[in-house]
Amino acid sequence: MQTRQGEFERIRTVLAEADTDEPMSAREIVRILEEHDLEIDSPHRVATVLGRHAERGDVEVIRSQPYRYRVQTSDASG
């Protein structure tokens, strides 16, 4: 499955605007995205997008139950 263009940047921008520093589950991230009128398919989609960017170092994955994600938001403004 191909990551849709700009999906990660939109997620990262919303999380930066929401000023979220704590790691969050994909379900918690979806709630924040919805509060900011950004529709995303599901928590599974969020996990897929963030997991792919974790391979590049943009996201820290905390392997707990449920997995938690810490997104590097410092570059979201550009």
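Data block above holds the structure.
Please read these numbers as outputs of a predicted model, since none were measured by experiment.

(A) The arrangement of the environment of isoleucine 11 in detail. Structurally, the position occupied by isoleucine 11 is in helix H1 (residues 7-17). By relative accessible area, isoleucine 11 is classed as buried at 0%. A sequence separation of 29 residues divides isoleucine 11 from isoleucine 40, and the C-alpha atoms of the two residues are 9.2 Å apart. When near neighbours in sequence (up to four residues on either side) are disregarded, isoleucine 11 contacts Ile29, Leu33, Leu38, Ile40, Val49 and Leu50.

(B) Up close: empty space enclosed by the protein. Tallied over the full model, the rule gives one cavity of 30 Å³ or more. Per element, the largest residue contribution to the lining of the largest cavity is three residues, and it comes from strand S2 (residues 68-71). Of the residues belonging to the lining of the largest cavity, the class tally is four nonpolar, two polar and two charged.

(C) Here's a closer look at the pairing of strand S1 (residues 59-62). In terms of strand pairing, S1 meets S2 through four bridges, oriented antiparallel. Each bridged residue has a counterpart across the sheet, and for glutamate 60 the counterpart in S2 is arginine 70. Where S1 folds back onto S2 in an antiparallel hairpin, the turn is made up of five residues.

(D) Representation of the packing of H1 against helix H2 (residues 26-35). Closest axis-to-axis distance for the H1/H2 pair is 10 Å, and the angle between their directions is 80 degrees. By the angle between their directions, the pair H1 and H2 is classed as roughly perpendicular. For the pair H1 and H2, contact is made by Ile11, Val14 and Leu15 and by Ile29, Ile32 and Leu33, respectively. Looking at the contact of H1 with H2 residue by residue, the classes come out as six nonpolar, no polar and no charged.

(E) Structural view of the environment of arginine 63. Here arginine 63 is to be found in the loop between S1 and S2. Separated by 3.4 Å, the side chains of arginine 63 and tyrosine 67 make a polar contact.

(F) How the structure looks around the nonpolar core. With 18 residues, the main nonpolar core has Ile11, Leu15, Ile29, Leu33, Val46 and Leu50 as its most contacted residues. Elements supplying a minimum of two residues to this core: H1, H2, helix H3 (43-54) and S2. Take this core: its biggest share by element is five residues, from H2.

Rules and cut-offs
Residues numbered from 1 in each chain as written. Predicted model: local features only at pLDDT ≥ 70, side-chain atom pairs only at ≥ 80, totals over all residues. Heavy atoms only, no water. Helix = DSSP H or I, 4+ residues; strand = E, 2+ residues; numbered from the N terminus. Buried < 20%, exposed > 50% of the residue type's maximum accessible area, 1.4 Å probe, protein only. Contact = heavy atoms within 4.5 Å. 1 Å grid on protein atoms, 1.4 Å probe; cavity = no way out; pocket = protein on both sides within 12 Å on 5 of 7 lines; lining within 4 Å. Points joined across faces, edges and corners; volume = space filled by probe spheres on them. Nonpolar A, V, L, I, M, F, W, Y, C, P; charged D, E, K, R; others polar. Pairing = 2+ DSSP bridges. Axes fitted to C-alpha atoms, helices over the stretch in contact; angles between N-to-C directions. Parallel < 35°, antiparallel > 145°, perpendicular 65-115°, else oblique. Polar contact = N/O pair within 3.5 Å; in protein donor to acceptor, adjacent residues only side chain to side chain. Core = buried A, V, L, I, M, F, W, Y, C linked by side-chain atoms within 4.5 Å.

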